[in-house]
Amino acid sequence: MPAQLIDGNLLSQQLRAEIATRAARLTAQDKQPGLAVILVGDDPASQVYVRNKVKACGDAGLYSVLEKYEETLSEADLLRRIAALNNDPKIHGILVQMPLPKHINPNKVIEAISTSKDVDGYSVLSAGELLTGLPGFRPCTPYGCMKLIESTGYDLRGKHAVVIGRSNTVGKPMALLLLQANASVTICHSATPDLAYHTRQADIVVAAVGRRNTLTAEMIKPGAIVIDVGMNRDDAGKLCGDVDFLGVKNVASYITPVPGGVGPMTITMLLMNTIEAAERA
Ligand code: NAP
């Protein structure tokens, strides 16, 4: 039997309806949740991402500001702007779109954002909160993956999860969230000699690599859950993930499509984090 699709568009819609209700409640108390999005330079993909984030805020009743700066903006000026937003009571979340121009140190910028407004969950403190199981902001993409898994009703306790990829923004936080949900977790990366050896033992595989066909049907156990974070282009220029969807869907029990799986959840979890920031403020 082919795998059931985990529909990220549908789950996003449901969560955004909940977000809109919470935003309206806060707005009625004169505490409308607010997100500041900063874009430095004119990278075309980044322009689309920030536009989508700001539009999603508007649609769910959140206040948002998009600040666009020239590529030549100095690091000092950007840090000053972040300091001002840290002190702005209308702003509950601050997001600086990556990548930044080469003359700006992204780590310095991330650490300049107040932890209470770090809705991307990228700061060292937020990472430490996740590591130690303290409440805090979880990075949006892995947080969204957890919601997708939760939506299947699958209990992760005692299950074996394999995460392919170990970036600070996806792979590592994903592994920690799975661990927190009581899965036993294996992390694979480019130096893993036999990826299939690990994935074949997994009850759940999360692929976050950035290379299509990284995970194929013969690499998974029948009935496994497969979450595809990758965003790649196929030979025809169409968006595709890291997973050979057509092959894997015949072996897995649940699978996320690309597009329409993890992608829509990332912005949704950004909105969720912003609502949580406003509720805590
Ligand atoms: P990244 O920083 O480039 O990390 C990729 C990871 O994959 C690295 O840890 C790398 O290992 C590992 N890797 C590379 N080749 C491998 C191989 N042959 N076998 C096993 N592991 C391998 O990328 P990222 O930011 O985590 O993103 C991963 C993918 O997710 C990209 O396609 C990105 O576009 C997509 N993404 C999607 C969303 C969304 O909202 N849908 C959000 C974020 C990212 P090393 O550490 O050893 O180099």
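Everything discussed here concerns the structure shown above.
First, a word on scope: everything that follows refers to the structure included in this document.

Reading the values: rules and limits
Residues numbered from 1 in each chain as written. Predicted model: local features only at pLDDT ≥ 70, side-chain atom pairs only at ≥ 80, totals over all residues. Heavy atoms only, no water. Helix = DSSP H or I, 4+ residues; strand = E, 2+ residues; numbered from the N terminus. Rg over C-alpha atoms; globule rule 2.2 N^0.38 Å. Buried < 20%, exposed > 50% of the residue type's maximum accessible area, 1.4 Å probe, protein only. Contact = heavy atoms within 4.5 Å. Areas by Shrake-Rupley, 256 points an atom, 1.4 Å probe, with all protein chains shown as cover. Lys, Arg positive; Asp, Glu negative; His and termini not counted. Charge placed at Lys NZ, Arg CZ, Asp CG, Glu CD. Patch = residues over 30% accessible without salt bridge, like charges linked within 9 Å, V, L, I, M, F, W, Y side chains within 5 Å. Salt bridge = Lys/Arg side-chain N within 4 Å of Asp/Glu carboxyl O. 1 Å grid on protein atoms, 1.4 Å probe; cavity = no way out; pocket = protein on both sides within 12 Å on 5 of 7 lines; lining within 4 Å. Points joined across faces, edges and corners; volume = space filled by probe spheres on them. Nonpolar A, V, L, I, M, F, W, Y, C, P; charged D, E, K, R; others polar. Near = heavy atom within 4 Å. Polar contact = N/O pair within 3.5 Å; in protein donor to acceptor, adjacent residues only side chain to side chain.

**Some points on the overall build of the chain**
Along the chain, the regular secondary structure elements total ten helices and eleven strands. A compact globule built from 281 residues should have a C-alpha radius of gyration of about 19 Å, and the chain, at 19 Å, falls within 12% of that. Within the chain, buried positions represent 49% of all 281 residues. Contacts spanning at least 24 positions in sequence make up 69% of the contacts within the chain whose residues lie at least 6 apart. Within the structure as shown, the chain displays about 13200 Å² of accessible surface, and the carbon and sulfur contribution to it stands at 54%. When the 28 basic and 28 acidic side-chain charges of the chain are each reduced to a single mean position, those positions are 2 Å apart.

**Points about the environment of L85**
Within the element layout of this structure, L85 appears in helix 3 (residues 75-86). Not counting residues within four places of it along the chain, the set of residues in contact with L85 comprises A36, I38, E67, I91, I94 and K117.

**Re a negative patch on the surface**
Negative charge collects at one region of the surface, where D42, D43, E70 and E71 lie side by side. Since its relative accessible area comes to 55%, D42 is described here as exposed.

**Some points on the pattern of salt bridges**
In total, this model carries ten salt bridges according to the counting rule given. With a shortest N-O distance of 3.0 Å, E18 and R22 are connected by a salt bridge. A residue pair is termed a helical-turn pair when its members lie 3 or 4 positions apart in one helix, as E18 and R22 do in helix 1 (residues 8-28) at four residues. According to the relative accessible area criterion, R22 is buried, its value standing at 15%. Of the charged contacts in the structure, one is a salt bridge between K108 and E75, with a shortest N-O distance of 2.9 Å. A residue pair is termed long-range when its members are at least 10 positions apart, and K108 in helix 4 (residues 106-112) and E75 in helix 3 qualify at 33 residues. Judged by its relative accessible area of 16%, E75 is buried. Overlapping salt bridges, with partners in common, bring together E18, R22 and E279 in one network.

**Describing the layout of surface pockets**
To find the voids left in a structure, one rolls a probe of water-molecule size over its atoms. Approximately 1100 Å³ is the volume found for the largest pocket. Around the largest pocket sit 45 residues that line it, and Y49, T141, M231, G263 and T266 are the ones nearest its centre. For the lining of the largest pocket, the elements supplying multiple residues, two or more each, are helix 1, helix 2 (44-60), strand 4 (93-96), helix 6 (140-151) and helix 10 (262-280). With six residues, the top contributor of residues to the lining of the largest pocket is helix 10. When grouped by side-chain class, the residues that make up the lining of the largest pocket number 22 nonpolar, 16 polar and seven charged. Those elements giving two or more residues to the lining of the second largest pocket turn out to be helix 4, helix 5 (124-132) and helix 7 (171-180). The dominant element in the lining of the second largest pocket, judged by the number of residues it contributes, is helix 5, at five residues.

**Observations concerning a nonpolar patch on the surface**
Taken together, the side chains of V48, Y49 and M231 define a hydrophobic patch exposed on the protein surface, amounting to about 280 Å² of accessible area. Here V48 lies in helix 2.

**Topic: the site of the ligand**
Near the ligand there are 20 residues, and of these R166, S167, S190, M231 and T266 occur at the shortest range. The separation between an oxygen atom of the ligand and a polar side-chain atom of S167 is 2.5 Å. Between the ligand and T266 there is a distance of 2.8 Å, counted from an oxygen atom to a side-chain nitrogen or oxygen. For the ligand, the protein covers 68% of the area, taking 930 Å² as the surface of the free molecule. Ranked by residues supplied to the shell around the ligand, first place goes to helix 10 with three residues. Each residue belonging to the shell around the ligand can be placed in one class, and the counts come to seven nonpolar, eleven polar and two charged.

**What to know about unusual backbone geometry**
The linkage connecting M98 with the following residue, P99, adopts the cis geometry, with an omega of 0°. Tracing the sequence through the fold places P99 in the loop between strand 4 and helix 4. Residue P259 is reached from V258 by a cis peptide bond, and omega for that bond is 0°. Locating P259 in the fold gives a position in the loop between strand 11 (254-255) and helix 10. One non-glycine residue, D30, lies in the positive phi region at around 65°. For D30, the position within the fold is in the loop between helix 1 and strand 2 (34-40). Given a relative accessible area of 74%, D30 falls into the exposed group. Positioned with a positive phi, N182 is a non-glycine residue whose angle comes to about 75°. Inspection of the secondary structure assignment puts N182 in the loop between helix 7 and strand 6 (184-188). The class of N182 is partly exposed, set by a relative accessible area of 37%.

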